[in-house]
Amino acid sequence: MTWALFAAFAGLALVDSLNPFTVAAQVYLLGTPKPMARSLAFLATTFIAYFFGGVLLIEGWAAIFQYIVPFIPYWGIGASEVGLGIVLGVTAIWAWRKTSSGAPFQPPEHL
């Protein structure tokens, strides 16, 4: 890894750390009981998930596909993509119907 690539990743990480959803979750956690413990746990798990997700995206998928793709027939790749699309579509419809029939979210009263 070159220093230019490292600087680019560090810059992207800095920009991503200002993610409004992460900031909103942190603000919520600071208003709960034991705010420091929960906030530190949230920050640590977010860092771990982003780190391993980034490593998997950069190195893992290429290594996995390099060894798996030669064993899959040509039509199998397309069939698996269509199957994954169907599964994700059905899951999205199920989640949409489940949330639309539920009660609205009520935040805790002590906040």
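Residues numbered from 1 in each chain as written. Predicted model: local features only at pLDDT ≥ 70, side-chain atom pairs only at ≥ 80, totals over all residues. Heavy atoms only, no water.

1. Observations concerning unusual backbone geometry
Rules: Strands here mean DSSP runs of E at least two residues long; helices mean DSSP runs of H or I at least four residues long; both are numbered from the N terminus. Partly exposed describes any residue whose relative accessible area lies between the buried limit of under 20% and the exposed limit of over 50%, with all areas from a 1.4 Å probe on protein chains only and scaled to the type maximum.
Within the chain, Lys-34 stands out as a residue other than glycine whose phi angle is a positive 55 degrees. Following the sequence through the fold, Lys-34 ends up in the loop between α2 (20-30) and α3 (35-68). Taking the relative accessible area as the measure of exposure, Lys-34 reaches 64% and is therefore exposed.

2. Observations regarding the packing of α2 against α3
Rules: Every angle, taken between N-to-C directions, lies between 0 and 180 degrees, and every axis is a line fitted to C-alpha atoms, over only the stretch in contact when it is a helix. Throughout, the term roughly parallel applies to angles under 35 degrees, roughly antiparallel to angles over 145, roughly perpendicular to angles from 65 to 115, and oblique to all others. Helix crossings get a hand from a simple test, with the near helix turned counterclockwise from the far one by less than a right angle marking a left-handed crossing and a clockwise turn marking a right-handed one. In this analysis, two residues are considered to be in contact whenever any of their non-hydrogen atoms come within 4.5 Å of each other. Gly falls in the polar group here, along with every residue not listed as nonpolar (Ala, Val, Leu, Ile, Met, Phe, Trp, Tyr, Cys, Pro) or charged (Asp, Glu, Lys, Arg).
Remark: α2 packs on α3, axes separated minimally by 8 Å, with the N-to-C direction vectors making an angle of 155 degrees. Taken together, the axis directions place α2 and α3 in an arrangement best described as roughly antiparallel. Between α2 and α3 the crossing geometry is right-handed. The segment α2 lies against α3, with Thr-22, Ala-25, Gln-26, Leu-29 and Leu-30 engaging Pro-35, Arg-38, Ser-39, Phe-42, Leu-43 and Tyr-50. Classifying every residue of the contact of α2 with α3 gives seven nonpolar, three polar and one charged.

3. A look at α2
How we decide: The arc refers to the directions leading from the helix axis to the C-beta atoms.
Turning to α2, its buried residues are Thr-22, Gln-26 and Leu-29. For α2, the buried positions fall inside an angular range of 60 degrees around the axis, keeping them on one side. Facing away from the buried side of α2 by over 90 degrees, the exposed positions are Pro-20, Phe-21 and Val-27. Where the residues of α2 are buried, they touch α3.

4. Brief notes about the side chain of Ser-39
Rules: Within 3.5 Å is the distance limit for a polar contact, defined as a pair of N or O atoms, with the added protein rule that one can donate a hydrogen and the other accept it, and that residues adjacent in sequence qualify only through two side-chain atoms.
Examined against the element boundaries, Ser-39 turns out to sit in helix α3. Reaching out from Ser-39, the side chain makes a polar contact with the backbone oxygen of Pro-35 at a distance of 2.7 Å. With near-sequence residues (within four places) excluded, Ser-39 lies in contact with Gln-26, Leu-29 and Leu-30.

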